[in-house]
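Each chain, letter by letter, is given below.
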Amino acid sequence: MSQSWIRTENLTYSYQDDSTGEDQPVLHGIDLSIDRGEYIAIIGHNGSGKSTLAKLLNLVLEPTGGAIYVDGKNVSSPDMTDEDVFALRQKVGMVFQNPDNQLVATVVEEDVAFGPENLGVPSAEIRQRVDDALAMVGMTEYAKHEPHRLSGGQKQRVAIAGIIAMMPECMIFDESTAMLDPLGRREVLDTMEMLHREKNITIITITHHMDEAARADRIIVLDDGRILRDGTPEEIFSDPEPLIEAGLDVPQSASLIHRLRKQGIELPGKIGTPDDCLETICAVFEQ
Amino acid sequence: MSKITLENISYVYSPGTPFEMHALEGINLNIRENAITGLIGHTGSGKSTLVQLLNGLTRPTSGRVLLDGKDIWQEPKKIKQVRFRVGLVMQYPEYQLFEETVRADIAFGPKNMGLSAQEIAERVSEAALLTGLDESLLDHSPFDLSGGQKRRVAIAGVIAMRPEVLVLDEPAAGLDPRGRDTILNMLRDYQQKTGATVMIVSHSMEDMARFCDDIIVLAHGKLVMQGRGHEVFARSRELSDVGLNIPEISRLCLMLRERGIPMDDGIFTVEQAEQCLLRLLESREQRTEGYV
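What counts and how
- Residues numbered from 1 in each chain as written.
- Chains lettered and ligands numbered in written order.
- Predicted model: local features only at pLDDT ≥ 70, side-chain atom pairs only at ≥ 80, totals over all residues.
- Contact = placed C-beta atoms within 7 Å.
- Helix = DSSP H or I, 4+ residues; strand = E, 2+ residues; numbered from the N terminus.
- Nonpolar A, V, L, I, M, F, W, Y, C, P; charged D, E, K, R; others polar.
- Buried ≥ 20, exposed ≤ 12 C-beta atoms within 10 Å, placed from the backbone.
- Pairing = 2+ DSSP bridges.
- Axes fitted to C-alpha atoms, helices over the stretch in contact; angles between N-to-C directions.
- pLDDT = per-residue confidence, 0-100.

J.: Mind showing me how you'd approach the interface of chain A and chain B here?
T.: Frequently, the measure chosen for interface size is the accessible area that the parts lose on association. At the interface, 29 residues of chain A touch 28 residues of chain B. Going through the elements one at a time, helix H6 (182–199), helix H10 (252–262) and helix H11 (274–285) of chain A are the ones with two or more residues in the side of chain A that touches chain B. Each residue belonging to the side of chain A that touches chain B can be placed in one class, and the counts come to 15 nonpolar, 10 polar and four charged.

J.: Whenever I open this one, the pairing of strand S3 (residues 36–40) of chain B confuses me. Can you help?
T.: Each regular strand carries side chains that alternate between the two faces of the sheet. All names here are of chain B. Of all five residues making up S3, five are buried, and the element is well covered by its neighbours. Here S3 shows no split at all, with Ile36, Gly38 and Ile40 on one side and Thr37 and Leu39 on the other all buried. Relative to strand S8 (residues 197–201), S3 runs parallel, the two sharing four bridges. Pairing of Leu39 across the sheet is with Val201, part of S8. Pairing between S3 and strand S9 (residues 214–219): four bridges, direction parallel. Paired with Thr37 across the two strands is Asp214, which belongs to S9.

J.: Looking at this structure, I do not really get the sheet that holds strand S4 (residues 65–70) of chain A. What am I missing?
T.: Strands belonging to one sheet form pairs held by backbone hydrogen bonds; the direction of such a pair is parallel or antiparallel. Residues and elements named next belong to chain A. Taken in spatial order, the four strands line up as S2-S1-S4-S5 in an open sheet, and their pairing is antiparallel. Bordering the open sheet on either side are strand S2 (23–34) and strand S5 (73–74), each of which pairs with just one other strand. As paired elements, strand S1 (residues 6–16) and S2 share eight bridges and run antiparallel to each other. Bridge pairing in S2 links Ser14 to Pro25.

J.: Even after reading the chapter, I still don't get the sheet that holds strand S2 (residues 21–32) of chain B, so can you show me in this structure?
T.: Residues and elements named next belong to chain B. A sheet is described by the order of its strands in space; here four strands give the open sequence S2-S1-S4-S5, paired in antiparallel fashion. Strand pairing shows two members of the sheet lacking a second neighbour, S2 and strand S5 (70–71), which therefore form its edges. Here five bridges tie strand S1 (residues 2–13) to strand S4 (residues 62–67), and the two strands are oriented antiparallel to one another. Each bridged residue has a counterpart across the sheet, and for Glu7 the counterpart in S4 is Arg64. Against the sheet, helix H1 (residues 47–54) touches S1, S2 and S4, its axis set at about 125° to S1.

J.: Even after reading the chapter, I still don't get unusual backbone geometry, so can you show me in this structure?
T.: Outside of glycine, negative phi angles account for most residues, and trans bonds account for most peptide bonds. At Asn200 of chain A, a residue that is not glycine, the phi angle is positive and equals roughly 55°. You can see Asn200 of chain A is positioned in the loop between H6 and strand S8 (202–206). Phi angles above zero are rare outside glycine, and Asn34 of chain B is one such case at about 60°. Structurally, Asn34 of chain B is set in the loop between S2 and S3.

J.: Is there a simple way to think about the confidence of the model for chain B in this case?
T.: A low pLDDT score tells you not to read the predicted coordinates there in detail. All names here are of chain B. Looking at chain B, the pLDDT average stands at 91 and 99% of residues meet or exceed 70. Mean pLDDT values for the elements of chain B range from 80 in helix H9 (residues 236–241) up to 97 in S4. Taken over the whole predicted complex, pTM reads 0.86, whereas the ipTM for its chain interfaces reads 0.82.

In C-alpha cells, the structure reads:
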C-alpha cells in the first residue's frame, strides 16, 4: 500500500448545538490522502466544513470519529500526549485569516522567534532561524519594526515566517488572503508558492477565490461536509455544473470556454488556468 | 443629476508636521443620483479618506462637498443631519453588532434619530425586508447568525435610517461566492426599489464590472478616471498600467489581442468576450468558405 503523508479515514466531526443540545454534524466520513510536497486547494461554500477539516489536520479540533494519520502515525488516537500534539503542530503549521489576530510580540523578529523559543531551540539557532525565515518571506528589513504598523500582506508574511522558523513540513492557509487587498494577496500567494517550490513544503490552502485555487496542483471541493470533487484544476473546472450547484464559481476564462462550447464551437484544449484558456482559444484561430 | 459633488477637494493628514501627508489632492467629481457608483483604488489611494468626507466624518482641508448642491459644512453644527442622510457601512460591519437581538441592533440608528416607537418598528421591518432578513430572525441574537446574515443585519441598521446615499466599504469581502452574490444583488434591488444613491468601495474588479453603473478610479490621492462602467473598463490597459487589477476576462482579451486575435477593446464581462469571439469565428468561417 502506498503511504500518503497525511491520510484521513472516515473522519467525522460534529459539535453540540447550545440551544437544542443536539449533535450537529459538520464533516461526514472524509477519506483523504495527501502526499508530501503536494500543493492543494480546498474550496467550498461557507459552512461546507473546509475550515473544520483544516483545524482537524493539526488538532486545533479533535475528531469525533474516524482517524487521521500523519507520517504513518495515528495522531487522532487517545494515546497522543501533549508532547505528541506539540510535535504535530511543529510539523503542520497553520496561517489564519485575520492578520491582526496572530501576531503576539511587539517587535517583528520577536514574533518570529516565539515558536522556536517554545520548542526549546538553543538561542544561537533561534537567531539563525529567525533571520532565515524573515529573509525567505522578504521581511528582513522589517525585523525591528512593530507588527501593528505593517500592511495586511506584510503581517501575514510575518505570521508565515513565524511558522517557517519552526521548520514545518506542511503549512495550512485558512483563507489567509481573504482580508487582504490585491497587493497583499499577491505577496502571500507568491510566498506560499515559493515555499512549495523551493522548500518542498506541502501546502494546503483554503480559499473562496477560484483564481487562487486554479494555481494549485489539486483541488478538493467540499460540500456539506463531504468531498464532492477531487482532481486537478483542469478536471475540476472542466465540469462546472457541480461547482455552481455547490454555490461556487468557475474562473472567468474557463467560464468563457464553457459558454463557447455550448454554442457548438469546438475547443478541444485545456482550461485549468487562464494561460491554458488563452492557448485553447488561440489554437482554434491558428487552425 | 449629481447627488454629491466634490469640488477641488484636498485632504492633508497632520499638516505642518514632519508626518504631513497629502491623502487627496484636487479631487473634482460627481456621484450620480439613483445609480450605483463603484470606487476603485489601491490601499493608500485615498479611498477611505474620500468616503469619510462624504458624510462629514472628516472635514476637507480645502474644497467643498455638496449634497444636493448644498455645502455640507455650511452649518457645521448640523453635520449630524448629513450623517443620517449619507449612511456609511464600514468594512466587516458585522464586528460592530452589539445588541441582544437583531431587532434592537437594526433599531439603534433610527432610535438615535429620535423617532417614535411606531416609526422605529416600521423602519426595522422595512430594512429587514430590503436586506432579505426573515422576520423570524429578528428576535434572535445577532451572534447566532451566519457571517452573511450578520453582515445583512449590519447593513439593515444603516438602511433603517433611510439614507439618501448609502456608502459601503467592501460589502462582499470575505464571503463565499454565493454570499457575495446575495449581498450585491440585494444592494442592486435596494437601489432600484428605493431610488437611493449607492456607492460601493471594492478591490474586486470582477464584482465592480458586474454590479456598478458608474466607476471612479483613484490612485495616489488623485482622480484617474470617472465614467460609466463600460467607459472606464474600455481603458483596461491604462488601469493595468496604474497597477490596478483588471477583471480576469479583460486580461485574457488583452492577451488574445497580443496574439493577433482582433478582440474588441474594453471587454469586461464573460458575455461580451463570448459575443466577440462568436462574431470573429463566424466571419473567419465565412472567409474560409469563400475559398472553396
